[in-house]
Amino acid sequence: MKNTIAAALSVALMSAAQAGTIVSAVDATILSGGPGIGDIADTYNLFGLYEDYVSGVTDFDSYAFSALHDFEYDGQEWFSNQGTTASVVSYDLGKVQNVQGMAFWNEDGAGVGKLNLLGSTDGTNWFGLLGNLSPTDNTYEANYKANIYNWQSVALRYVKLEMSGCPQTQPASNILTACGIGEVAFNAAPTTAVPELNPIGMGALGLGLMALGLRRRRHQG
């Protein structure tokens, strides 16, 4: 009976779980390797993505795992200064919120070789999120998908990208020695503090508790 109740509770909680929503940064700061080539705002304003999303509304997983970025450079990507092999950029999400991951579209011609991700609530004091990541070395002059990075949900407003090893190994057609970002987007965790049990889960749980109570009364009698 205890297993039945536990199973019912598990189903109810799983049904109540919510997927994260995709959110865009509202600003970005080039901390090193800049000002670079292109507008850093084009790395978070959806300009180079084939399909738009609604920040704070669209499901992160269903969008970010499949969304493609256009490889053609026409002002829709950003590159660090020519001749640089490392760069640091921080993104401002506009407010402190619970974030559990991000999508990173690694530019096809001047991709980032190694990536460290840090978070902050105030833009001054930073803590590690993920380190020593190796983004996909995307095929040169081909549309590309994002790398999806997940971490335990944490309150933050700023995310810092420490990029190095740029560009990744590519054909001799590379036009830049720089770090290139196609786009970034972030995975905001559900805001519901206490999940509500759905009717099916509540019903199964209620029946289980009633049966357990009757069983105990029989033993006591």
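From a predicted model like this one, the values you see are computed outputs, not experimental measurements.

Draft legend 1. Representation of the side chain of Q76. Within the secondary structure, Q76 is located in the loop between α2 (60-64) and β3 (78-79). Polar contacts involving the side chain of Q76 include one to the main-chain carbonyl oxygen of D70, which spans 3.2 Å.

Draft legend 2. Quick peek at the pattern of salt bridges. Tallying each qualifying case throughout the model produces one salt bridge. D92 is the salt-bridge partner of R157, the closest N and O atoms lying 2.8 Å from each other. Residue R157 is located in strand β7 (residues 147-164), and its partner D92 is located in strand β4 (residues 87-106); the two are separated by 65 residues in the primary sequence. R157 sits in the partly exposed class, given a relative accessible area of 25%.

Draft legend 3. Structural detail: unusual backbone geometry. A cis geometry characterises the amide bond from G34 onward to P35, with omega recorded as 15 degrees. Positive phi values are uncommon outside glycine, yet L46 reaches one of about 70 degrees. The backbone of E141 shows a phi angle near 55 degrees, a positive value even though the residue is not glycine. With respect to the helices and strands, the residue E141 is situated in the loop between β6 (127-133) and β7.

Draft legend 4. Examining the confidence of the model for the protein more closely. Averaged over every residue, the pLDDT of the protein is 83; residues scoring 70 or more account for 74%. The model gives residues 193-197 a pLDDT under 50, and that stretch makes eight contacts with residues more than four places away or in other chains. Segment residues 214-219: pLDDT under 50, and one contact once partners within four positions in sequence are set aside and those in other chains are kept.

Draft legend 5. Just the pairing of β4, in detail. With 16 of 20 residues buried, β4 is to be regarded as a mostly interior element. For strand β2 (residues 27-32) and β4, the ladder comprises five bridges, and the chain directions are antiparallel. The residue bridging I30 from the neighbouring strand is V89, located in β4. One ladder, built from 13 bridges, connects β4 with β7; its direction is antiparallel. Considered in β7, the bridge of F104 is made with N147. Across seven bridges, β4 lies against strand β8 (residues 180-188) in antiparallel orientation.

Draft legend 6. Quick peek at the nonpolar core. The biggest cluster of nonpolar side chains holds 30 residues, and the ones touching the most others in it are Y91, M102, L161, M163 and F186. When residues no more than four places from it in sequence are discounted, the contact partners of F186 are T21, I22, V23, A25, F60, Y91, L93, V99, G101, M102 and V159. Residues L46, F60, A103 and A146 belong to the second largest nonpolar core, which totals 14 residues.

What counts and how
Residues numbered from 1 in each chain as written. Predicted model: local features only at pLDDT ≥ 70, side-chain atom pairs only at ≥ 80, totals over all residues. Heavy atoms only, no water. Helix = DSSP H or I, 4+ residues; strand = E, 2+ residues; numbered from the N terminus. Polar contact = N/O pair within 3.5 Å; in protein donor to acceptor, adjacent residues only side chain to side chain. Salt bridge = Lys/Arg side-chain N within 4 Å of Asp/Glu carboxyl O. Buried < 20%, exposed > 50% of the residue type's maximum accessible area, 1.4 Å probe, protein only. pLDDT = per-residue confidence, 0-100. Contact = heavy atoms within 4.5 Å. Pairing = 2+ DSSP bridges. Core = buried A, V, L, I, M, F, W, Y, C linked by side-chain atoms within 4.5 Å.

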